[in-house]
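Summary of the model geometry
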Amino acid sequence: MEQLFSGKVALVTGAGSGIGEATALLYAACGAKVIVSDVNEKGGNNTVEAIRKAGGDAQFERCDVSKSTECEQLVKATLKHYGRLDMSCNNAGIGGEQNLLADMSVEGFNKVIAVNLSSVFYCMKYEIPAMLQNDGGAIVNMASILGQVGFAYSAGYVAAKHGVVGLTQNAGIEYSAKGIRVNAVGPGFIDTPLLSQTDAKTKEQLVSRHPIGRLGTAEEVAELVIWLSSDRASFVTAPTFLWMAATWRHEYCAGKHLPAARNYLTCHQYMQKPVVVMTGFFAAYADHTYQNMPVPPN
Ligand SMILES: NC(=O)c1ccc[n+]([C@@H]2O[C@H](COP(=O)([O-])OP(=O)(O)OC[C@H]3O[C@@H](n4cnc5c(N)ncnc54)[C@H](O)[C@@H]3O)[C@@H](O)[C@H]2O)c1
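Residues numbered from 1 in each chain as written. Predicted model: local features only at pLDDT ≥ 70, side-chain atom pairs only at ≥ 80, totals over all residues.

A few words now on the nonpolar core. Within the largest apolar cluster, 76 residues are counted, with the highest numbers of intra-cluster contacts made by A10, V12, A24, Y27, V34, V36 and V225. Filtering out sequence-adjacent residues up to four positions away, V12 remains in contact with G20, T23, A24, Y27, V34, V36, S37, C89 and N91. (Core = buried A, V, L, I, M, F, W, Y, C linked by C-beta atoms within 7 Å. Buried ≥ 20, exposed ≤ 12 C-beta atoms within 10 Å, placed from the backbone. Contact = placed C-beta atoms within 7 Å.)

This is the structure in structure tokens:
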């Protein structure tokens, strides 16, 4: 039986751990050849090894996504190694400095913007021309529920993820008609090494905020990325923003959980939003917006 991604090439950043690793493994299991990229060589090589062990085809390319030249080089290396690029998951990210805004260091703010936001611009800047060389492609950017709402002590992270949603919308508007679908995924809290700094009590409180009664897994996010990357999502493109177990309950809890949950549960609201897929609306909206914009150069 032909696999979902037979003959296709996928690129995943931050694929040495967590969501990126799970996504790379699932792309490969669905028949794609995968460029596994990370700044962490050990993690990236482990992912490649796991893919090969399972009979898949993968190659590691080191890339610090906060550097535009390295992102350009990453796409070049992809084309050199596999000859094409069909799908990408721009996933690499960090939690960044946690502080009240006025106490946040300029370096800390700039770092999280560079790794979590500028990187998505750099990657798409070089991925898009590579995809246009063939029949287009599909890009999935890793946002977060924090791409939609604020979250105390995380101004840089929140600003970056809101930016990822904005970049995704613009790219979708500009390139959907040219055959590249661009989407963002906004997971709730996912149990990966990113949450390793979180103490048990805070984790428990986080869990209690998810109506499903637990945190998500990297594999569950990967499932959504794979679907968005596939032709099964052929009418799904930005400005689509898919929320995963994004739980917002209109419950203002400023101070309520201080200080135990200082980092995660203060000064913000949770509301319940299931995954929203409004393909017709979004595609129509994108088209409408496109027509009302100055004609982009061909
Ligand atoms: N875990 C969550 O609760 C959660 C929720 C929503 C969104 N996200 C997002 O999902 C993405 C993946 O996070 P995760 O939870 O799998 O975390 P993770 O820490 O397990 O994985 C992140 C990977 O990114 C890599 N990375 C960090 N800086 C990099 C850089 N400059 N260049 C290249 N690679 C770099 C790390 O080495 C690591 O392998 C991130 O963008 C994160 O913001 C995570």
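Now that the structure has been shown, we can carry on.
On to the site of the ligand. Inspection of the region around the ligand gives 31 residues, with G14, G18, G93, T192 and L194 positioned closest. For the shell around the ligand, the secondary structure elements donating two or more residues are α1 (18-29) and α4 (106-132). The biggest single contributor to the shell around the ligand is α1, with three residues. The residue makeup of the shell around the ligand, split by class, is 15 nonpolar, 14 polar and two charged. (Near = placed C-beta within 6 Å. Helix = DSSP H or I, 4+ residues; strand = E, 2+ residues; numbered from the N terminus. Nonpolar A, V, L, I, M, F, W, Y, C, P; charged D, E, K, R; others polar.)

Quick look at the pairing of strand β2 (residues 33-38) now. Among the six residues that make up β2, six are buried, leaving the element largely enclosed by the rest of the structure. A two-sided burial pattern is seen for β2, the buried positions comprising K33, I35 and S37 on one face and V34, V36 and D38 on the other. Relative to β2, strand β1 (residues 9-13) runs parallel, the two being bridged by five bridges. By the bridge assignment for β2, V12 is matched with V36. (Pairing = 2+ DSSP bridges.)

With that settled, consider helix α7 (residues 218-229). Over its twelve residues, α7 runs 16 Å from end to end, which matches the ideal 16 Å to within 8%, given 1.5 Å per residue. Here α7 has its buried residues at A218, V221, A222, L224, V225, I226, L228 and S229. (Expected span 1.5 Å × (residues − 1).)

Once that is clear, we can look at the packing of helix α3 (residues 68-82) against α4. The geometry of α3 relative to α4 is characterised by a closest axis approach of 9 Å and an angle of 30° between their N-to-C directions. Considered as vectors, α3 and α4 are oriented roughly parallel to each other. Where α3 crosses over α4, the two elements pack in a sense that is right-handed. Across the interface between the two elements, S68, C71, E72, V75 and L79 of α3 pack against S119, Y122, C123, Y126, E127 and A130 of α4. Here the contact of α3 with α4 is composed, by residue class, of seven nonpolar, two polar and two charged. (Axes fitted to C-alpha atoms, helices over the stretch in contact; angles between N-to-C directions. Parallel < 35°, antiparallel > 145°, perpendicular 65-115°, else oblique. Left-handed = near helix turned anticlockwise from the far one by under 90°.)

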